[in-house]
Amino acid sequence: MHGNEASSREMLLLLIDDILRRYTTDPTLAQLLASTRLHIMPSMNPDGFEVSVEGDCSSIDGRMNANGFDLNRDFPLPFASLSNQAGHSDQPETRAIRRWVAETPFVLSANFHGGAVVASYPYDSMPGATEYSPPGYSRSPDDDVFRHLALVYSRNHATMRFSSECDSFPDGITNGADWYQITGSMEDYNYAFANCMEITVELTCCKYPPKETIPGVYEENRNSLIEFWKQAVRGVTGQVISATTRLPISNAAVRVDNRLSVMRTTPAGEFWRILLPGNYTITVTAAGYQSFQRRIAVPVNGQVGVTVELNVGSDRFPADDAPASLPSSSPSMLLLLSLSTCCAGLHSLAWW
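Right, let's walk through the structure included here. (Residues numbered from 1 in each chain as written. Predicted model: local features only at pLDDT ≥ 70, side-chain atom pairs only at ≥ 80, totals over all residues. Heavy atoms only, no water.)

1. Some thoughts on the sheet that holds strand S7 (residues 253–256)
Heads up, the rule is: A pair of strands is treated as paired once DSSP finds two or more bridges between them. A run of DSSP states H or I qualifies as a helix once it reaches four residues; a run of E qualifies as a strand once it reaches two. Both are numbered from the N-terminal end. The angle between two axes is taken between their N-to-C directions and runs from 0 to 180 degrees, where each axis is a line fitted to C-alpha atoms and a helix contributes only its stretch in contact.
Taking strand neighbours across the sheet as the criterion, the 4 strands line up as S8-S7-S10-S11 in an open arrangement whose pairing is antiparallel. The strands lining the two open edges of the sheet, one partner per strand, are strand S8 (262–264) and strand S11 (292–298). Direction aside, the axes of adjacent strands within the sheet are offset by 30 degrees on average. Pairing between strand S10 (residues 278–285) and S11: 7 bridges, direction antiparallel. Within S11, the position partnered with Asn279 by the bridge is Ala297.

2. A short note on helix H2 (residues 27–35)
The criterion, for reference: Exposure classes here rest on a 1.4 Å probe applied to the protein chains alone. A residue is buried below 20% of its type maximum, exposed above 50%, and partly exposed in between. Think of it as the arc spanned by the lines of direction from the helix axis to the C-beta atoms.
Within the sequence span of H2, burial applies to Leu29, Leu32 and Ser35. Each buried residue of H2 lies within a common arc of 140 degrees when the element is viewed along its axis, so the set occupies one face. Exposed and facing more than 90 degrees away from the buried side of H2 are Pro27, Gln31 and Ala34.

3. Describing the state of the cysteines
Here is the rule: Disulfides are defined in this document as cysteine sulfur pairs within 2.5 Å.
With the rule as written, the count across this model stands at 2 disulfides. Put simply, Cys166 and Cys205 are joined by a disulfide, and their sulfur atoms are 2.1 Å apart. Here the S-S torsion is close to -75 degrees, and the disulfide linking Cys166 with Cys205 is therefore left-handed. Residue Cys166 is found in the loop between helix H5 (143–155) and strand S4 (173–175), and its partner Cys205 is found in the loop between strand S5 (197–202) and helix H8 (214–230); the two are separated by 39 residues along the sequence. According to the relative accessible area criterion, Cys205 is buried, its value standing at 19%. Each disulfide in the protein links cysteines that, numbered along the sequence, combine into the pattern 1-4, 2-3.

4. Comments concerning the pattern of salt bridges
Worth spelling out the cut-off: Salt bridges are counted wherever a side-chain nitrogen of Lys or Arg sits within 4 Å of a carboxyl oxygen of Asp or Glu.
Under the definition given, this model contains 13 salt bridges. Its salt-bridge partner being Asp17, residue Arg21 comes within 2.7 Å of it at the nearest N-O pair. Taken as a pair, Arg21 and Asp17 lie in helix H1 (residues 6–22) at a separation of 4 residues, close to a single helical turn. The exposed category is assigned to Arg21, whose relative accessible area is 63%. On the basis of relative accessible area, Asp17 is assigned to the partly exposed category, the value being 34%. The closest approach of N and O atoms between Glu227 and Lys230, which form a salt bridge, is 2.9 Å. Note that Glu227 and Lys230 are positioned in helix H8 at a spacing of 3 residues, about one turn of the helix. By sharing partners, the salt bridges in this structure join Glu5, Arg63, Asp70, Arg73 and Glu131 into a single network.

5. Structural notes on the sheet that holds strand S12 (residues 303–310)
With mixed pairing, 3 strands are arranged side by side in an open sheet as S9-S6-S12. Taken across any chain shown, the strands that pair with only one partner, and hence form the sheet edges, are strand S9 (270–273) and S12. This sheet shows a mean twist of 20 degrees between the axes of neighbouring strands, independent of strand direction. Bridge count for strand S6 (residues 235–242) against S9 is 4 bridges, and the pairing is antiparallel. Within S9, the position partnered with Gln239 by the bridge is Glu270.

6. Section: the nonpolar core
Side chains of nonpolar character tend, in soluble globular proteins, to be buried together. Selection criterion: Buried Ala, Val, Leu, Ile, Met, Phe, Trp, Tyr and Cys residues form a nonpolar core when they are joined through side-chain atoms within 4.5 Å.
Residues Met11, Leu108, Phe112, Tyr153, Ile199, Phe228 and Trp351 are the most contacted members of the largest nonpolar core, which totals 39 residues. Elements supplying a minimum of two residues to this core: H1, H2, strand S2 (108–113), strand S3 (118–121), H5, S5, H8 and strand S14 (347–351). Phe271, Ile282, Val308 and Leu310 belong to the second-largest nonpolar core, a separate cluster that totals 20 residues.

7. Some points on the pairing of S10
Pairing geometry for S7 and S10, over 4 bridges, is antiparallel. Its bridge partner lying in S10, Val256 is registered against Ile282. The antiparallel hairpin formed by S10 and S11 contains 6 residues in its connecting segment, where Gly288 sits at a positive phi of about 85 degrees.

8. Examining the packing of aromatic side chains
Cut-off, in case you're wondering: Only Phe, Tyr and Trp rings take part, Trp by its six-membered ring, and two of them pair if their centres are within 6.5 Å. Stacked means planes under 30 degrees apart, edge-to-face means over 60, and tilted covers everything else.
Tallied over the full model, the rule gives 12 aromatic pairs. Aromatic side chains Phe49 and Tyr208 sit 6.0 Å apart centroid to centroid with 25 degrees between the ring planes, which places their arrangement in the stacked category. Separated by 159 residues along the polypeptide, Phe49 in helix H3 (residues 46–50) and Tyr208 in the loop between S5 and H8 bring together distant segments of the chain. Judged by centre distance (5.6 Å) and plane angle (85 degrees), the ring pair of Trp100 and Phe106 falls under edge-to-face.

Pasting the structure below:
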């Protein structure tokens, strides 16, 4: 995304190599690859990388794309509709990512940068904020889950949970806006418009460290990457179908408790949401169908599966007695960013 923050690009290439070498003998990797679809994009801004200089720890040379735009300020804002985005430049790289996440439903992603050592989570801004607005905590409807995801990364990292030479964050995590506010970030867009839980991970104090340090960066992050990957298959997953035709219902709205975030089912009727262990109420609505509501219990490890059968008719909540089962095509998602991303059928995960 920022071409001069090259440690993320190289780390993800080492991750690819590591997975390919070890997945046939490592049970954890084998299980993750069998239950998720992993998408890795080592570089979102190759033009910026081409003009970056190894050893340049602090300048902005290579940060922008070829048109001079910061891609992590170029996404639509989370607090306005997509049709009301004044001043949005819509760079080609941004358009490509937006098309990708629209076509490939991701459940989880991580966006990698350099210049600090911390895991940051949404929101990156507040309603009405500008680049010059003072910092302040901007809580998302899924703040508990985002804090968990950031802590999973930081606590499994070799040093992130401790103070580094360039910064100090409690437990190695921060709310994005509480650090400093930015508008048009990718993590805010993917969460607000693509139903994808994304965090931003800053890997190194030096934006473009010497190449001989990169293997060490990967080793510092390897456990974090694997443990973060595992989070793609926890919470609730399911499928919404017609009780009459047994066909999937797309674009149904799925809400968990009173959270403001609403999931939309895929063309295959699939939905998923990463949730912490506990009891929740899910509510499903679709045009022309009776509403559905049920209590679910998310286990400490793993997922609860729900098949939602909607009856044609006026809006009402049917009895909470339908059997729960994991759909044969449950979405498994993981997105790794360097930026990077992930997918339908299996839970998709992306790393950028």
